[in-house]
Amino acid sequence: MPLDFELIFRLSLAASAALLALVAFLTLTLIAIKAVRQVWQKYRRRREVYYRPAVLQAISGGPPLSGAADLRSPSRIGDRVIVEGLLLQWGRSVKGEAHDRLCVAFREAGFTDDELERLKSRRWWIRASAARKLGLMRCEKAAPDLVISLEDASLDVRLAAAWALGRLGDWPAAASIVQALAHHSRLATLRVTNIIVDMGAAAIPVVEGLLGSKSRDVRLLALNVLNALETESASRLAVPYLSDPETDIRVAACQA
């Protein structure tokens, strides 16, 4: 059967036209996205200036400023995202009583409940972000949900939940943190060690209970935590494991 060159030529032209149309569509889409982003950035900067006095007032604990914005009921669409971003930004900067007051403002504005809902998202990165925000703002109400998140399918979510619980100083959760992450990467175990060490001597009774675990990984991590705590009471707990059948356990006990 002879080739129909005219048909082939027409199909080539149609394919070229379709490709050009697709490229033009994608180009216009990118231009539109960039334009929307620039408009949003300008709007956000303007609204941040509007809400900043109210955030600073919340940090200082002083009397409400006349005409200041209400953080609990943003007046425009999108402002809620802007207000939460400001509170989180300052939450990374201030400490002590100022941070405590900021956490109260975060909770009273309803952002704790918002992040608890995001902790149930189908997307792991949203769940991880929510856990970090709840920990940063020391949302004690979130502790039970964060403990559940220690069993999340995503390691990133489990690490974020462990960090958040450490920020809350939730000593009973220390056992759950170790059991959830002891079997994973060296980075995960290092983070867990740092989290529990930050809890301080109050975590020692929990770590003592973990030393009796049937899991070698849990016992090893518990000994590493005792080593990092560097206290006499922690060292004494390691003595019985100097004769453990597992070489790694004996080494960790010696270090502790």
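Everything discussed here concerns the structure shown above.
Residues numbered from 1 in each chain as written. Predicted model: local features only at pLDDT ≥ 70, side-chain atom pairs only at ≥ 80, totals over all residues. Heavy atoms only, no water.

## Comments concerning the environment of A142
Right, on to step 1. As for its placement among the helices and strands, A142 is situated in the loop between α5 (124-136) and α6 (143-149).
Right, on to step 2. Taking the C-alpha atoms as reference points, A142 and A131, 11 residues apart in sequence, are found 8.7 Å from one another.
Right, on to step 3. Apart from the residues within four sequence positions on either side, A142 is in contact with L116 and L134. (Helix = DSSP H or I, 4+ residues; strand = E, 2+ residues; numbered from the N terminus. Contact = heavy atoms within 4.5 Å.)

## A word on the packing of aromatic side chains
The description of two aromatic rings rests on the distance between their centres and on the angle between their planes.
Right, on to step 1. Within the structure shown, the criterion is met by four aromatic pairs.
Right, on to step 2. Judged by centre distance (5.4 Å) and plane angle (40 degrees), the ring pair of F106 and F111 falls under tilted.
Right, on to step 3. Here F106 falls in the buried class, since its relative accessible area comes to 0%.
Right, on to step 4. Among the residues examined, F111 registers a relative accessible area of 1% and is labelled buried.
Right, on to step 5. Aromatic side chains W124 and W125 sit 5.9 Å apart centroid to centroid with 90 degrees between the ring planes, which places their arrangement in the edge-to-face category. (Phe/Tyr/Trp six-rings, centres within 6.5 Å; stacked < 30°, edge-to-face > 60°. Buried < 20%, exposed > 50% of the residue type's maximum accessible area, 1.4 Å probe, protein only.)

## Structural notes on α5
Right, on to step 1. With 13 residues, α5 ought to run about 18 Å at 1.5 Å a step, and its terminal C-alpha atoms sit 18 Å apart, in line with that.
Right, on to step 2. Regarding α5, the residues found buried are R127, A128, A130, A131, L134, G135 and L136.
Right, on to step 3. Contact partners of the buried residues in α5: α2 (79-91), α3 (96-108), α4 (111-118), α6 and α7 (155-168).
Right, on to step 4. Looking one or two residues past α5, R138 carries a phi angle of roughly 45 degrees, positive in sign. (Expected span 1.5 Å × (residues − 1).)

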